[in-house]
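A structural walkthrough
In case you want the letters, here they are:
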Amino acid sequence: MGGVDVHYVDIAGTFKDQPGPVAPAVMRENYRMLAAIIVTEKQGMHFLKFYGPKATVAGQEKAFQEMINSLKAQ
């Protein structure tokens, strides 16, 4: 991405979904997360992630990668 380091992450399994520190947690089985960690000199690190049921994420994996690849470093 224009000389900027991008680290891709792809993990799957059971996710502990907890919307807040005192909210009850829900265990989400068969989930998957795609993420990109973008490291820039001027603005530090940026974290973009997309997670949900494995089938949903698999169906949108290419679109997620295209979105990351379309970003321009400034």
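Before going into details, it helps to say that this report is about the structure given with it. Here the structure is a predicted model, which is why all the values come from computation and not from measurement.

One broad trend across soluble globular proteins is that nonpolar side chains are buried collectively. In this structure, Leu34, Ala36, Val57, Phe64 and Ile68 together form the largest nonpolar core, which totals five residues. By residue number, the principal contributor to this core is helix α1 (residues 54-70), which donates three residues. Apart from residues no more than four positions distant in its own chain, Ala36 is found in contact with Val6, His7, Tyr8, His46, Phe47, Leu48, Phe64 and Ile68.

Tallied over the full model, the rule gives four aromatic pairs. Taking 6.2 Å as the distance between ring centres and 50 degrees as the angle between the ring planes, the aromatic pair formed by Phe15 and Tyr31 counts as tilted. Residue Phe15 is found in strand β1 (residues 5-17), and its partner Tyr31 is found in strand β2 (residues 26-40); the two are separated by 16 residues along the sequence. Each member of the pair, Phe15 as well as Tyr31, is classed as buried. A centroid spacing of 6.2 Å and a plane angle of 5 degrees characterise the contact between Phe15 and Tyr51, whose relative ring orientation is stacked. Placement of Phe15 in strand β1 and of Tyr51 in strand β3 (residues 44-53) is noted, with a sequence separation of 36 residues between them. An aromatic cluster of at least three residues, connected via ring pairs, comprises Phe15, Tyr31 and Tyr51.

Bringing the sheet that holds β3 into the picture now. Overall, antiparallel pairing links the three strands, which are arranged β1-β2-β3 in an open sheet. Looking at the sheet topology across the chains shown, the edges are occupied by β1 and β3. Averaged over all adjacent pairs, the angle separating strand axes in this sheet is 20 degrees, with direction ignored. Here β2 pairs with β3 via 10 bridges, running antiparallel. Within β3, the position partnered with Val39 by the bridge is Met45.

So, how was this worked out
- Residues numbered from 1 in each chain as written.
- Predicted model: local features only at pLDDT ≥ 70, side-chain atom pairs only at ≥ 80, totals over all residues.
- Heavy atoms only, no water.
- Core = buried A, V, L, I, M, F, W, Y, C linked by side-chain atoms within 4.5 Å.
- Buried < 20%, exposed > 50% of the residue type's maximum accessible area, 1.4 Å probe, protein only.
- Helix = DSSP H or I, 4+ residues; strand = E, 2+ residues; numbered from the N terminus.
- Contact = heavy atoms within 4.5 Å.
- Phe/Tyr/Trp six-rings, centres within 6.5 Å; stacked < 30°, edge-to-face > 60°.
- Pairing = 2+ DSSP bridges.
- Axes fitted to C-alpha atoms, helices over the stretch in contact; angles between N-to-C directions.

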